[in-house]
Amino acid sequence: MAAVYKSLSKTNGAATGKAGSAADGPKNKQRVLILSSRGITYRHRHLLNDLYSLLPHSRKDAKLDTKTKLYQLNELADLYNCNNVFFFEARKGKDLYVWMSKPPNGPTVKFHLQNLHTMEELHFTGNCLKGSRPILSFDATFDTQPHLKLIKELLTQTFGVPKGARKAKPFVDHVMAFTVADGKVWIRCYQVNEAEAGGKHAPISELNGAAVPGEEEEEAAAPTSKKNLKGAETKLSLVEIGPRFVLTPIVIQESSFGGPIIYENKEFVSPNQVRREVRMERASKFSRRTEQETERRAKKGDLGLKSEGGRKRKQDDLDEKVLFA
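The rules we used
- Residues numbered from 1 in each chain as written.
- Predicted model: local features only at pLDDT ≥ 70, side-chain atom pairs only at ≥ 80, totals over all residues.
- Heavy atoms only, no water.
- Helix = DSSP H or I, 4+ residues; strand = E, 2+ residues; numbered from the N terminus.
- Buried < 20%, exposed > 50% of the residue type's maximum accessible area, 1.4 Å probe, protein only.
- Contact = heavy atoms within 4.5 Å.
- Areas by Shrake-Rupley, 256 points an atom, 1.4 Å probe, with all protein chains shown as cover.
- Phe/Tyr/Trp six-rings, centres within 6.5 Å; stacked < 30°, edge-to-face > 60°.
- Pairing = 2+ DSSP bridges.
- Polar contact = N/O pair within 3.5 Å; in protein donor to acceptor, adjacent residues only side chain to side chain.
- pLDDT = per-residue confidence, 0-100.
- Salt bridge = Lys/Arg side-chain N within 4 Å of Asp/Glu carboxyl O.
- Arc of directions from axis to C-beta.
- Core = buried A, V, L, I, M, F, W, Y, C linked by side-chain atoms within 4.5 Å.

Draft legend 1. Focus on the overall build of the protein. The number of helices and strands found in the protein is eight helices and 14 strands. Within the span of the protein, comprising 325 residues, buried residues form 38% of the whole. Here the contacts in the protein between residues at least 6 apart in sequence split such that 65% fall between residues at least 24 apart. Looking at the protein as shown, the accessible area adds up to about 19,800 Å², and 53% of this sits on carbon and sulfur atoms.

Below you can see the structure in the form of C-alpha cells.
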C-alpha cells in the first residue's frame, strides 16, 4: 500500500504542477557501490577510503568472500539501489585488480592498478571540501578509439557526482584528471586554488564559473585570473591532492560481470608472468655459474692441477688416481 500511495502522490503532484513535474527535466541519479575482496593490504584499504571520501554519492560495503562468483555483485548493487560498481580484487597480497561495471546490463571493464600512492603517503599541501563535486577532465585521446570512449563513459558515471547527490555539497573546488599514455589511464586529483591578486586566499564559495567544464580545462593548463562575486581580481591555480594511481585496461565484457569479451588488451602482461620471468632469469644465471665451475674443476682434474690453498697438491697413496688406476 505504501508503494501505491507513493506512486499516486507523484501522479497528483505532476498533475498539479508541483515538484516532480516534467518541467524539472530528468534527474541524474548515480550511486556507486565500493567494496573489495578478501586479502587486500593496508595500502589498498587506504586507497578505497580515499576514493570513498572523494565520492559523496558512493556506498561502501563489507568485503566480498568470493573471487569467482562476481555476478553476486549485481544482487548487492540492486539491494543497495546502486547503478555503478567499483570492486577491488586482490590477488596474492600483491596485485590489485579493479572492476568497474554498470549493473544489471553492463558493460564491465577490468583494470590492473599500478603505481599506487595514497593521500597519507604523498603529504600534499592541497585540500578540498569533503563532499564537494569534482570537475572531470579527460584527455583528447579518449575520443580516438571505441574502447577508450566506453572507458571514458564508465569513468564519467563512476566519478561524476550528480547535482543533489547523497552527502554532496554545493561547491566545485577540485578537478579529477584522466590521461591516456602508453595504453594506460593515469588518474590525478587537484585542488582549484583561488587567491586574490594581493596574495590573499579567497573563499571557495566565491569561485565564479567553476562548474563550467570547458573553462576549467583551460585553467588547468596554466594559472589564470578572474573576478569573483565582489569584483576583486583573483588568480586560479591547481594544487595536487592525491591519491594517484594508474589503471591498465585488460578486458571489457558486454554484460555486468559476465558475457562475451568485446575487447582484450593483447599487450598486457600478467604480473605473475613478470615475476616468473625474473625468477627464471635468476635461475639461469645460477645454473650457468654452476656449470662453469663444474667444467673448470673437471679440466683441472684432468691436468692434475687440483690444488689446496692455491698450491699444487702432491699425490699420495690414497689418491683416487692411484687407487683406481
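Read on, since the account is not over.
Draft legend 2. Broad picture of the packing of aromatic side chains. Counting across every chain of the model gives six aromatic pairs. For the pair phenylalanine 86 and phenylalanine 159, a centre-to-centre distance of 5.8 Å together with 80° between the ring planes defines the contact as edge-to-face. Of this pair, phenylalanine 86 sits in strand β3 (residues 84-91) while phenylalanine 159 sits in helix α5 (residues 146-159), and the two are 73 residues apart along the sequence. Phenylalanine 159 gets classed as buried once you look at its relative accessible area, which sits at 0%.

Draft legend 3. Structural context of unusual backbone geometry. Of note, the bond from proline 103 into proline 104 is cis; its omega dihedral lies within 30 degrees of zero at 5°. With respect to the helices and strands, proline 104 occurs in the loop between β4 (95-101) and β5 (108-117). Here the amide bond leading from glycine 242 into proline 243 is cis, since omega sits at -5°, within 30 degrees of zero. If you trace the backbone, proline 243 turns up in the loop between β10 (233-240) and β11 (244-255). Positive phi, normally seen in glycine, also occurs at asparagine 81, with a value near 60°. Note that asparagine 81 resides in the loop between α3 (72-79) and β3. At histidine 123, a residue that is not glycine, the phi angle is positive and equals roughly 60°. With respect to the helices, strands and loops of the structure, histidine 123 is situated in the loop between α4 (119-122) and β6 (133-138).

Draft legend 4. Spatial organisation of the pairing of β3. When you tally the buried positions in β3, you get seven out of eight residues, the bulk of the element. One ladder, built from five bridges, connects strand β1 (residues 32-36) with β3; its direction is parallel. Opposite leucine 33, over in β3, you have valine 85 as the bridge partner. The antiparallel pairing of β3 with β4 creates a hairpin that spans three residues between the two strands, and lysine 92 there sits at a positive phi of about 60°.

Draft legend 5. Representation of the side chain of asparagine 265. Structurally, asparagine 265 is set in the loop between β12 (258-264) and α7 (271-303). Residue classification places asparagine 265 among the buried positions, given a relative accessible area of 15%. Among the polar contacts listed, one links the side chain of asparagine 265 to the backbone nitrogen of glutamate 267, at a separation of 3.2 Å. Once residues within four sequence positions are removed from consideration, asparagine 265 is found in contact with Thr248, Pro249 and Ile250.

Draft legend 6. Inspection of the confidence of the model for the protein at higher detail. In this model, the protein carries an average pLDDT of 80, and 77% of its residues clear a pLDDT of 70 or more. Low pLDDT (under 50) marks residues 15-23, which in the prediction has two contacts with non-local residues, meaning those over four places away or in another chain. Low confidence marks residues 203-221, where pLDDT is under 50. Its contacts with residues over four positions away, or in another chain, come to 31 contacts.

Draft legend 7. The pattern of salt bridges, seen in detail. Counted under the stated rule, the structure contains ten salt bridges. Among the ionic pairs, glutamate 240 bridges to arginine 244, the shortest N-O distance being 2.8 Å. For glutamate 240, a relative accessible area of 14% translates into the label buried. Linked by salt bridges that have partners in common, Arg188, Glu240 and Arg244 make up one network.

Draft legend 8. Molecular detail of α3. For α3, the set of buried residues is Leu73, Asn74, Leu76 and Ala77. In an axial view of α3, the angular spread of the buried residues amounts to 160°, which keeps them on one side of the axis. Facing away from the buried side of α3 by over 90 degrees, the exposed positions are Glu75, Asp78 and Leu79. Among the structural elements, β1 and β3 are those in contact with the buried residues of α3. Directly beyond the C-terminal end of α3, a positive phi value near 60° is found at asparagine 81.

Draft legend 9. Quick look at the nonpolar core. Counting 35 residues, the largest nonpolar core has Phe86, Phe142, Leu155, Phe159 and Phe178 as its most contacted members. Considering each element in turn, this core owes the most residues, five residues, to α5. Sequence-distant contacts of phenylalanine 178, that is, excluding residues within four places in its chain, are made with Leu136, Ser137, Phe138, Asp139, Phe142, Leu155, Phe159, Trp186 and Ile187. Counting residues in each nonpolar core, the second largest holds twelve residues, with Leu64, Leu76, Cys82 and Phe257 among its members.

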